[in-house]
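Residue strings, one per chain:
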Amino acid sequence: YPVSLEDLRLAERRSDPTRLQKLKSLREDRFRLMAQMAKLPADMVFFTQITMEAADDPLFLDAMHQANIKGALVGVESVSPEGLKAIYKDFNASGRSLVDRLRTFREHGVHVLGSCLFGLPTDREETFDATAALAEEAELTFAQFVMMTPFPGTVDFKNWEASMEKDSTRIDGIPLTRHWLIPQNLRPKIYTPHPMLSSEEIRSRTQAVWDHFYRLSSIWKRSRCTPTLRSRLACVVLSKLYRQMYA
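These numbers were taken from a predicted model, which means no experiment stands behind them. (Residues numbered from 1 in each chain as written. Predicted model: local features only at pLDDT ≥ 70, side-chain atom pairs only at ≥ 80, totals over all residues. Heavy atoms only, no water.)

Chemist: Break down helix α2 (residues 18-37) for me, citing the residues and quoting the values.
Modeler: In this model α2 runs 29 Å from its N-terminal to its C-terminal C-alpha over 20 residues, within 8% of the 28 Å that 1.5 Å per residue would give. Check the buried side of α2 and you find it contacts α1 (5-12), β1 (46-50), α3 (58-66) and β2 (69-77). (Helix = DSSP H or I, 4+ residues; strand = E, 2+ residues; numbered from the N terminus. Expected span 1.5 Å × (residues − 1). Contact = heavy atoms within 4.5 Å.)

This is the structure:
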């Protein structure tokens, strides 16, 4: 989703129309692509990743549906304004507005895999329950709950690596700051210290949210989005597999 409606509004206010024309052209390219995808066989389905701003663009969502894009991974990240500001995504929605935006995708025929992040410095004990409740209220078809991990090339990694200069911690002979090289079974779950919560508390509370969202009764309720009993059962199996693989 390279061009939001807000991008277009801001470009229209500029005296130079060149920027607006470039954005309109890029947006039209996406619609042409989806129009071509819509001509493909009906059993060829697609899944994508898209930003929350697309929820404000019903024409784009309808084009996605017609192009047989069945679902989208949407970065929810945090359910609080403070959390979104901490990761420079305060253009995302929070609270009631977030629920409405996520439901909008479903209303236009696009299922959402919501991605939520735990371990932000703004997180508190109540953040975990609030996230679990919102994921259900927003009627997410799938959700993932990941813990903050600093990756190379990000601001978070640069700051974390600088803070670890005097820390000689090694696991299996590998410096902690090269955590992706550490064998999976030895790799820590949390890397950056939290001002309020211990690493184990973040891990256990994150696991509890996974368990809550993917409990059988909730999965069965969400499976009503499918048309037949057979597809509902498939949805249950797929949900359980997803939880087993990623939780």
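Let's pick the thread back up.
Chemist: Lay out the pairing of β2 with the relevant residues and their values.
Modeler: Taking burial as the measure, the 9 residues of β2 include 8 buried ones, the bulk of the element. Here β1 pairs with β2 via 5 bridges, running parallel. Counted as the bridge partner of I50 is V74 from β2. Read from β1 through α3 to β2, the crossover connection turns out right-handed. Across 6 bridges, the pairing between β2 and strand β3 (residues 111-118) is parallel. Its bridge partner being in β3, G75 is matched across the sheet by S115. (Buried < 20%, exposed > 50% of the residue type's maximum accessible area, 1.4 Å probe, protein only. Pairing = 2+ DSSP bridges. Right-handed = clockwise from strand over helix to strand, strands pointing away.)

Chemist: How would you summarise the sheet that holds β2 if you had to cite specific residues and measurements?
Modeler: On the basis of which strands lie adjacent, the open sheet formed by 4 strands has the order β1-β2-β3-β4 and parallel pairing. On the outer flanks of this sheet lie β1 and β4 (142-147), each paired with one strand and no other. Here the strands of the sheet are splayed against their neighbours by 20 degrees on average, with no regard to which way each runs. (Axes fitted to C-alpha atoms, helices over the stretch in contact; angles between N-to-C directions.)

Chemist: Provide a residue-level description of the environment of N68, including the pertinent values.
Modeler: When you line up the elements, N68 lands in the loop between α3 and β2. Taking relative accessible area as the criterion, N68 reaches 14% and is therefore assigned buried. Sequence separation between N68 and D172 is 104 residues, and the spatial gap between their C-alpha atoms is 46 Å. Discounting residues that sit within four places of it in the chain, N68 has contacts with P41, A42, M44, V45 and F46.

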